[in-house]
Amino acid sequence: QAQLVESGGGLVEAGGSLNLSCTASGWTVSTYAMGWFRQAPGKEREFVATISGSGDNTYIQDSVKGRFTISRDNAKNTVNLQMNSLKPEDTAVYYCAARLSGYGSTRFNEYNYWGQGTQVTVSS
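## Describing the pairing of strand S4 (residues 33-39)
Summarising burial for S4: 6 of the 7 residues are buried, a large majority. In this antiparallel pair of consecutive strands, S4 and strand S5 (residues 46-51), the connection spans 6 residues, and Gly42 shows a positive phi of 80 degrees.

## Describing the environment of Thr78
Position of Thr78 among the secondary structure elements: in strand S8 (residues 78-83). Separated by 74 residues in sequence, Thr78 and Leu4 have C-alpha atoms that sit 9.3 Å apart. The contacts of Thr78, once residues within four sequence positions are left out, are Ser21, Cys22, Thr23, Ser71, Arg72 and Asp73. A distance of 3.4 Å separates a polar atom in the side chain of Thr78 from a polar atom in the side chain of Thr23. Among the polar contacts made by the side chain of Thr78, one reaches the main-chain carbonyl oxygen of Lys76 at a distance of 2.9 Å.

## Brief notes about unusual backbone geometry
At Asn77, a position not held by glycine, the phi torsion is positive, near 60 degrees. Tracing the chain through its elements places Asn77 in the loop between strand S7 (68-73) and S8. The backbone phi angle of Ser85 is positive, close to 50 degrees, even though this residue is not glycine. Secondary-structure assignment places Ser85 in the loop between S8 and strand S9 (92-99).

Procedures and definitions
Residues numbered from 1 in each chain as written. Predicted model: local features only at pLDDT ≥ 70, side-chain atom pairs only at ≥ 80, totals over all residues. Heavy atoms only, no water. Buried < 20%, exposed > 50% of the residue type's maximum accessible area, 1.4 Å probe, protein only. Helix = DSSP H or I, 4+ residues; strand = E, 2+ residues; numbered from the N terminus. Pairing = 2+ DSSP bridges. Contact = heavy atoms within 4.5 Å. Polar contact = N/O pair within 3.5 Å; in protein donor to acceptor, adjacent residues only side chain to side chain.

Note that every value here comes from positions in space, so none of it alone points to a role or purpose.
Okay, structure coming up:
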């Protein structure tokens, strides 16, 4: 069964860092674009970052650009989201998603598989 499992969330103080990981099990995602989205309470799910299947192309949402980095290790079937200089407004459930295309997208409805999410809480 194809699954995506996120890990690495938690509670951190403002200015701190977290590294989220998304590991695919039951299938290989090495040729597929991957994305990270987040959803805060009472808000819609929003795009955070995406990376192409080859890993050559990435796109980061403006509000986290310069603080967040997306990367992938296809040998480990894993995608990471390194989050630095965290702010309270980054608090949300973070979701990993796979798109059955080599090209990334900022639109959540263009992704085909989703993880269960991991909570990130940034205290002020």
